[in-house]
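# Coordinate inspection notes
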Amino acid sequence: MAKMDEKLEVVYQDVLKRNPGEVEFHQAVREVLESIGPVLVKYPEFRERKIIERIAEPERQIIFRVPWQDDRGEVQINRGFRVQYNSALGPYKGGLRFHPSVYLGIVKFLGFEQIFKNALTGLPIGGGKGGSDFDPKGKSDNEVMRFCQSFMTELWRHIGDVTDVPAGDIGVGGREIGYMFGQFKRLTARYEAGVLTGKGLDYGGSLVRTEATGYGATFFVQEMLKARGNDTFGGKVCTVSGSGNVAIYTIEKIHQLGGKVVACSDSNGVIVDEKGIDLDLVKQLKERERRRIKDYVEYRTHAKYLHGGNIWEVPCQVAMPSATQNEINGKDAAMLVKNGCIAVGEGANMPTTPEGIKVFLDAKISYGPGKAANAGGVATSALEMQQNATRDSWTFEYTEKRLAHIMKNIHEACFNTAEEFGAKGNYVVGANIAGFMRVASAMVSHGLV
Ligand code: NDP
């Protein structure tokens, strides 16, 4: 573990004591605290106002029961969460995750990261996150609908277009957002389009929102490649973990920019296709038919399926982890570097462990942490909110241009901030400090709240 400023170590120990057992949350807090020591030296008012202690404590945490009935008529009980973390820059904004691994520590790590990510976009959005330990996998459409309706029956009173605006994340896509929006509308008798983002295009959604996280992460890597010596994606062999929303649109943009993605995955195994992943087939299997990635080899018999395989063993020049937290450990990172990887762009949130990050930084490859690289999703959600507020809808080309511009600005902010604080090329330091500065300054302006 990297060394931390002594006073920040005291704050961190307090976070450990007050939030026992929430290991992912501890990890996310530690990474930020390790970066921001120099800011506190330069701006002592942040320390005097206890900005760090306040930022680490969510403004509000809501935990609720979600009862629903499955297709056999049996009653099921899940737990729902919404952590409204920080509203210094705007209404709370951040996705909902439905996955059996969800507990308060996961929601808090994601909410904490979201504060800085949202600040980096330069758009007026605060940080929040939510979800449930509900597992949508293997559930019928009707079961998913009943769950979403029950979830919203509690959540609706806590959200609104100027209060808190949820979106999707793992296990929550267009279908789930649609069911939740329908129930919100019914409970409130209001057509408040800006209460959720990631909506369908026929009822207030934004073009490019579906693609935004993957496209944005790829734009971020494109900027990193440019910064490390005018390099491009052209002809680069890439690997992208996962095969969900973020992975699919990362693969799409890499292919558009001339790179070749040779592997993707799900939680059961890895597909390796040396000819380049056939994205239409992945979309058919995952988006339309809701099947497993192993079925890819039924249609592309030259490809290999490695059950329980490790995607990071597949040699590549660019790796884009787009599945889940802590999916690249120190050993995986060392393997990537050894095999010639020169850039890693995180589509997922916190996919690299602290040991893995150290390997990337020591090897001086271009490493774009999730809170910067995957900010295109939430940025485009904020663009969806803008369109909802003006009852307008923009073209694909215009919206994508806005997204590309935002990602370029985020890259520039991270790059320049790292340099200003003596850590040239270290996007972790750059992202943490640039994000923190924006939130901390607003918190100082708001007084003790
Ligand atoms: P999806 O549910 O669409 O896809 C998730 C993918 O990751 C699936 O292929 C899934 O495989 C795999 N996966 C999930 N959990 C695990 C696990 N424990 N081990 C291995 N593989 C796993 O989610 P998204 O694509 O939306 O999200 C992916 C990542 O991107 C997450 O970290 C999320 O927080 C982050 N992110 C998403 C944004 C968005 O706009 N959607 C915005 C910013 C970040 P399987 O089907 O087997 O579970």
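Residues numbered from 1 in each chain as written. Predicted model: local features only at pLDDT ≥ 70, side-chain atom pairs only at ≥ 80, totals over all residues. Heavy atoms only, no water.

So, about the sheet that holds strand E1 (residues 60-69). Spatial strand order, E1-E2-E4-E3-E5: 5 strands in an open sheet with mixed pairing. Edge strands, defined here as strands with exactly one partner in the open sheet, are E1 and strand E5 (164-167). Recorded for the sheet is a direction-independent mean angle of 20° between the axes of neighbouring strands. Looking at chain direction, strand E3 (residues 92-98) and E5 are connected through 4 bridges and run parallel. Counted as the bridge partner of Lys 93 is Val 165 from E5. Docked against the sheet, helix H6 (residues 141-155) engages E1, strand E2 (75-86), E3, strand E4 (126-132) and E5, running at close to 140° with respect to E1. (Pairing = 2+ DSSP bridges. Helix = DSSP H or I, 4+ residues; strand = E, 2+ residues; numbered from the N terminus. Axes fitted to C-alpha atoms, helices over the stretch in contact; angles between N-to-C directions. Contact = heavy atoms within 4.5 Å.)

Right, let's talk about the packing of H6 against helix H7 (residues 174-188) for a bit. Between H6 and H7, the shortest axis-to-axis distance is 8 Å and the interhelical angle comes to 45°. By the angle between their directions, the pair H6 and H7 is classed as oblique. Crossing geometry of H6 relative to H7 is assigned as right-handed. Every residue of H7 that contacts H6 at Asp 141, Val 144, Met 145, Cys 148, Gln 149, Phe 151, Met 152 and Thr 153 is listed here: Arg 175, Glu 176, Tyr 179, Met 180, Gln 183, Phe 184 and Leu 187. Classifying every residue of the contact of H6 with H7 by side-chain character gives 9 nonpolar, 3 polar and 3 charged. (Parallel < 35°, antiparallel > 145°, perpendicular 65-115°, else oblique. Left-handed = near helix turned anticlockwise from the far one by under 90°. Nonpolar A, V, L, I, M, F, W, Y, C, P; charged D, E, K, R; others polar.)

Next up on the list: the site of the ligand. The immediate surroundings of the ligand are formed by 24 residues, with Lys 137, Asp 169, Thr 213, Ser 267 and Arg 292 found nearest. One of the side-chain N or O atoms of Lys 137 is found 2.8 Å from an oxygen atom in the ligand. Val 246 places a main-chain nitrogen or oxygen 2.9 Å from an oxygen atom of the ligand. In the complex, 83% of the free accessible area of the ligand, which totals 890 Å², lies under the protein chains. Elements that contribute at least two residues to the shell around the ligand include exactly helix H8 (209-227) and helix H9 (245-256). Classifying every residue of the shell around the ligand by side-chain character gives 4 nonpolar, 14 polar and 6 charged. (Near = heavy atom within 4 Å. Polar contact = N/O pair within 3.5 Å; in protein donor to acceptor, adjacent residues only side chain to side chain. Areas by Shrake-Rupley, 256 points an atom, 1.4 Å probe, with all protein chains shown as cover.)

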